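What follows is the residue order along each chain.
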Amino acid sequence: MIPPISAIGALPVPQVAAPAAATAAPGVDFGGLVSNSLQQLQDLQSTSDNLAVKAATGDLTDIHDYMIASNEASVATSLTVAVRNKAVDAFNEIMRMQM
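So, here is what we can say about the structure in this document. Remember, predicted model here, so these are calculated numbers, not experimental data.

**As for the environment of S46**
Next up, step 1: As for its position among the elements, S46 is in helix 2 (residues 30-57).
Next up, step 2: A residue is classified by how much of its surface remains accessible, and S46, at 29% relative accessible area, is partly exposed.
Next up, step 3: In this structure, the C-alpha to C-alpha distance between S46 and S70, residues 24 residues apart in sequence, is 9.9 Å.

**Here we look at the environment of T80**
Next up, step 1: Tracing the backbone through its elements, the reader meets T80 in helix 3 (residues 63-96).
Next up, step 2: Distance from T80 to S37, taken between C-alpha atoms, is 8.7 Å for residues 43 residues apart in sequence.
Next up, step 3: If near-sequence neighbours (up to four positions away) are discounted, T80 is found in contact with L38 and L41.

Conventions used here
Residues numbered from 1 in each chain as written. Predicted model: local features only at pLDDT ≥ 70, side-chain atom pairs only at ≥ 80, totals over all residues. Heavy atoms only, no water. Helix = DSSP H or I, 4+ residues; strand = E, 2+ residues; numbered from the N terminus. Buried < 20%, exposed > 50% of the residue type's maximum accessible area, 1.4 Å probe, protein only. Contact = heavy atoms within 4.5 Å.

So this is what it looks like as structure tokens:
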């Protein structure tokens with residue numbers, strides 16, 4: 001038989017901290033985050049391009065390095081385009097609102 005809850009007593013409720021992503025770091029602005037993200041995308045594209053040139057000239061010993069860099073750049077570009085499209089959609093929706 002299971003004892004009633006009153007006989008067991010109340011269990012302490014653990015304190016849960018807010019996730020790190022939910023709290024804004026002091027001094028970090030949205031424009032800076034966007035700029036850093038675009039710079040990282042540019043770096044991925046440059047790395048992929050450099051490895052493609054090395055693969056074409058025969059200087060690249062491990063072709064899988066190029067394939068990984070190319071796929072990372074492709075996924076990052078797709079993500080950036082999707083975020084941009086959502087931002088434009090949100091902006092257009094805000095502009096359609098009546099005041």
